[in-house]
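One-letter residues, chain by chain:
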Amino acid sequence: LAATSAVAGPLDPPTDVGYQILTEDVYDPMDVQVAPDGRVIVAQRDGKIKIWSQDGKLKEAIHLPVNAARGCVDCAETINDDGGIYSMVLDPHFARNGYVYVWYDRAHTGRPDTNVEDWRLSRLTLKPNSTLAKSSEKVLFTAKAWYLDPEGSQAHYGVVLEKGSPLTPQVS
């Protein structure tokens with residue numbers, strides 16, 4: 001039997017896809033999630049998580065104390081150029097439990113003698129009024145990472161949270 005080869009070519013872009021600017025009042029967004037009820041949850045590098053509601057309003061739900069980029073006026077600490085919130089994911093049962101998982105570096109945990117600081121995977125609970133109470137934070141996992149690069153090589157950290165089972169978000 002003779003085999004025929006298949007050649008992949010460019011596809012025409014879909015014509016039924018559009019976009020809409022929801023807000024421009026965000027700073028260095030690192031992750032965006034859409035809740036089942038239509039709220040858009042934006043995690044900013046500076047530790048703020050903001051909620052855009054269907055009524056067009058943007059609300060700050062929480063401001064986590066992060067160690068993020070130098071020059072960040074709202075960050076609790078500004079030593080680590082590669083710090084802040086890195087990733088966020090909603091629990092598969094978010095509509096029922098409101099769980100939001102966030103990977104970020106905690107401000108004021110760096111130790112100059114060891115040159116490491118704490119990164120954490122935390123679970124927060126989003127309330128119906130679009131707030132995330134700091135008291136709802138449950139730390140699920142912590143890790144130490146280098147935060148001051150003496151050679152100035154600007155090493156980068158990367159984590160992506162992916163949906164897994166309700167009790168085990170995947171860190172990859």
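This one's a predicted model, so the numbers in the text were calculated from it and none came from an experiment.

### Here we look at the pairing of strand β6 (residues 99-105)
Most of β6 is tucked away, with 6 of its 7 residues classed as buried. Pairing of β6 with strand β7 (residues 116-125) involves 7 bridges; the strand directions are antiparallel. Opposite Val100, over in β7, you have Leu124 as the bridge partner.

### A word on the confidence of the model for the protein
Put simply, the protein has an average pLDDT of 79, and 70% of its residues get 70 or more. Mean pLDDT per element in the protein: strand β10 (residues 168-171) is the minimum at 54, and strand β3 (residues 48-52) is the maximum at 95.

### With respect to the side chain of Gln44
By the element assignment, Gln44 lies in strand β2 (residues 40-44). Of the residues examined, Gln44 reaches a relative accessible area of 1% and is grouped as buried. At a separation of 3.5 Å, a polar atom in the side chain of Gln44 contacts the side chain of Lys50. In contact with Gln44, other than residues within four places in its own chain, are Asp25, Val26, Tyr27, Asp28, Pro29, Met30, Lys50 and Ile85.

### Let's talk about the side chain of Arg39
Within the fold, Arg39 resides in the loop between β1 (29-34) and β2. You can call Arg39 buried: its relative accessible area is 11%. Side-chain polar atoms of Arg39 contact the side chain of Ser130, separated by 3.1 Å. Setting aside its immediate chain neighbours within four residues, Arg39 contacts Gln33, Val34, Ile51, Trp52, Ser53, Gln54, Phe94, Leu126, Lys127, Pro128 and Ser130.

Thresholds applied
- Residues numbered from 1 in each chain as written.
- Predicted model: local features only at pLDDT ≥ 70, side-chain atom pairs only at ≥ 80, totals over all residues.
- Heavy atoms only, no water.
- Buried < 20%, exposed > 50% of the residue type's maximum accessible area, 1.4 Å probe, protein only.
- Helix = DSSP H or I, 4+ residues; strand = E, 2+ residues; numbered from the N terminus.
- Pairing = 2+ DSSP bridges.
- pLDDT = per-residue confidence, 0-100.
- Polar contact = N/O pair within 3.5 Å; in protein donor to acceptor, adjacent residues only side chain to side chain.
- Contact = heavy atoms within 4.5 Å.

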